[in-house]
Amino acid sequence: MAQLITAPNLSNPDDIYERLVRLHDGLSEAESLKTWSRLVLALINHIGDPEVIGEAIAISRQSGPQSRQS
């Protein structure tokens, strides 16, 4: 069974962060959300394991200041 890798796993995280920030340059909020969605779907397709994807979804719902607990 595959598991989601949650430990740092990037050789150049600052470069990746910069590319993610620049991804939104010149886009409206709606275009930005569509672009994020396309990126997420491309990465989900690459992962391909429903259990790993489910782990990532669960973790993303828990993390950050915008999460809402019912």
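Residues numbered from 1 in each chain as written. Predicted model: local features only at pLDDT ≥ 70, side-chain atom pairs only at ≥ 80, totals over all residues. Heavy atoms only, no water.

It is worth spelling out the overall build of the protein at this point. From N to C terminus, the protein includes 3 helices and 0 strands. Element order for the protein, N to C, with α for helix and β for strand: α-α-α. Relative to its full complement of 70 residues, the protein shows a buried share of 7%. A total of about 6,300 Å² of accessible surface is found on the protein, and carbon and sulfur atoms cover 55% of it. (Helix = DSSP H or I, 4+ residues; strand = E, 2+ residues; numbered from the N terminus. Buried < 20%, exposed > 50% of the residue type's maximum accessible area, 1.4 Å probe, protein only. Areas by Shrake-Rupley, 256 points an atom, 1.4 Å probe, with all protein chains shown as cover.)

Averaged over all residues, the pLDDT of the protein is 90; the fraction at 70 or higher stands at 89%. Taking the mean pLDDT of every element in the protein, the minimum, 94, falls on helix H3 (residues 50-62) and the maximum, 97, on helix H2 (residues 29-47). (pLDDT = per-residue confidence, 0-100.)

Time to look at H2. Between its first and last C-alpha, H2 extends 27 Å over 19 residues, near the 27 Å set by a 1.5 Å rise per residue. At the C-terminal side of H2, Gly48 shows a positive phi close to 70°. (Expected span 1.5 Å × (residues − 1).)

What follows is about the side chain of His24. Within the element layout of this structure, His24 appears in the loop between helix H1 (13-22) and H2. Of note is the side chain of His24, whose polar atom sits 2.3 Å from the side chain of Ser32. Sequence-distant contacts of His24, defined by excluding residues within four places in its chain, comprise Ser32 and Trp36. (Polar contact = N/O pair within 3.5 Å; in protein donor to acceptor, adjacent residues only side chain to side chain. Contact = heavy atoms within 4.5 Å.)

Within the fold, Thr35 resides in helix H2. If near-sequence neighbours (up to four positions away) are discounted, Thr35 is found in contact with Leu23 and Leu27.

Before going further, it helps to spend a moment on the pattern of salt bridges. One pass over the full model with this rule turns up 1 salt bridge. Note that Glu18 and Arg22 form a salt bridge whose closest N and O atoms lie 3.6 Å from each other. With Glu18 and Arg22 both in helix H1 and 4 residues apart, the pair spans about one turn of that helix. The exposure class assigned to Glu18 is partly exposed, which follows from its relative accessible area of 38%. Using a relative accessible area of 46% as the deciding quantity, one classes Arg22 as partly exposed. (Salt bridge = Lys/Arg side-chain N within 4 Å of Asp/Glu carboxyl O.)

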